[in-house]
Amino acid sequence: MIYQIVYVSEYSGRSPEEDLQSILTASRHHNPQLEVTGLLLFVRNSFIQVLEGEETTIRELYAKIAKDPRHTRLDILLEHQIPQRLFPDWSMAWMPISEAEFCRIAHIKCCDFETLSTLGNNIVSEILLNFAELQNQANGDGIAH
Ligand SMILES: Cc1cc2nc3c(=O)[nH]c(=O)nc-3n(C[C@H](O)[C@H](O)[C@H](O)COP(=O)(O)O)c2cc1C
């Protein structure tokens with residue numbers, strides 16, 4: 001079984017583009033050795049991240065990420081065992097998404113941190129399936145991981 005954590009956090013840095021770049025570089029450097037895969041989204045001023053892999057590894061990585069000063073108020077939306085990875089080919093997939101698009105997919109009116117942190121299990125699972133499908137299409141187009 002694969003352990004999956006999905007959390008939302010509030011961005012607390014000053015330069016989202018620079019920070020995202022360095023987070024993705026670090027993730028793509030460390031995660032393959034840890035056999036961790038996942039997805040990172042940045043919506044309005046919040047991160048939503050999916051981490052999947054061996055349970056202890058994921059818990060340890062989450063604890064490390066939680067200490068990162070570039071975000072705060074981490075809130076776990078989903079934490080469970082799954083039969084297989086949703087993002088098997090991505091050490092950390094990145095999907096640029098507009099607030100309007102995320103709101104549409106999540107069936108919410110506003111994408112502020114407070115709203116994102118109250119998303120229920122079922123809707124989070126539905127959102128992930130949506131993104132997994134989009135990522136797999138992107139993968140087929142040869143977009144870099
Ligand atoms: C939202 C967010 C997601 C992150 N995701 C990962 C990740 O998946 N893997 C990882 O190694 N670091 C991740 N980081 C970065 C770590 O907190 C840490 O800065 C990095 O692993 C340190 O890398 P270094 O030891 O090579 O400097 C993330 C940071 C933030 C703010």
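Worth saying up front: this structure is predicted, and the values here are computed from it rather than measured.

## Focus: the site of the ligand
In the vicinity of the ligand there are 16 residues, among which His 30, Asn 31, Gln 49, Lys 64 and Asp 68 approach most closely. Within the side chain of His 30, a nitrogen or oxygen atom sits 2.7 Å from an oxygen atom of the ligand. Between Asp 68 and the ligand, the recorded distance is 2.6 Å, taken from a side-chain N or O atom to an oxygen atom. Considering the ligand on its own, with 620 Å² of exposed area, one finds that the protein chains cover 78% of that surface. One can see that the ligand is located within the largest pocket.

## Things to note about helix 3 (residues 99-106)
Within the span of helix 3, buried status applies to Phe 102, Cys 103, Ile 105 and Ala 106. Across the axial projection of helix 3, the buried residues extend over an arc of 165°, all falling on one side. Residues Ala 100 and Arg 104 are exposed on helix 3 and point more than 90 degrees away from its buried face. Following helix 3 by one or two positions, His 107 has its phi on the positive side, about 55°.

The rules behind the values
- Residues numbered from 1 in each chain as written.
- Predicted model: local features only at pLDDT ≥ 70, side-chain atom pairs only at ≥ 80, totals over all residues.
- Heavy atoms only, no water.
- Near = heavy atom within 4 Å.
- Polar contact = N/O pair within 3.5 Å; in protein donor to acceptor, adjacent residues only side chain to side chain.
- Areas by Shrake-Rupley, 256 points an atom, 1.4 Å probe, with all protein chains shown as cover.
- 1 Å grid on protein atoms, 1.4 Å probe; cavity = no way out; pocket = protein on both sides within 12 Å on 5 of 7 lines; lining within 4 Å.
- Sits in = over half its atoms within 2 Å of the grid points.
- Buried < 20%, exposed > 50% of the residue type's maximum accessible area, 1.4 Å probe, protein only.
- Helix = DSSP H or I, 4+ residues; strand = E, 2+ residues; numbered from the N terminus.
- Arc of directions from axis to C-beta.

These results come straight from atomic positions and should not be treated as a statement about function.
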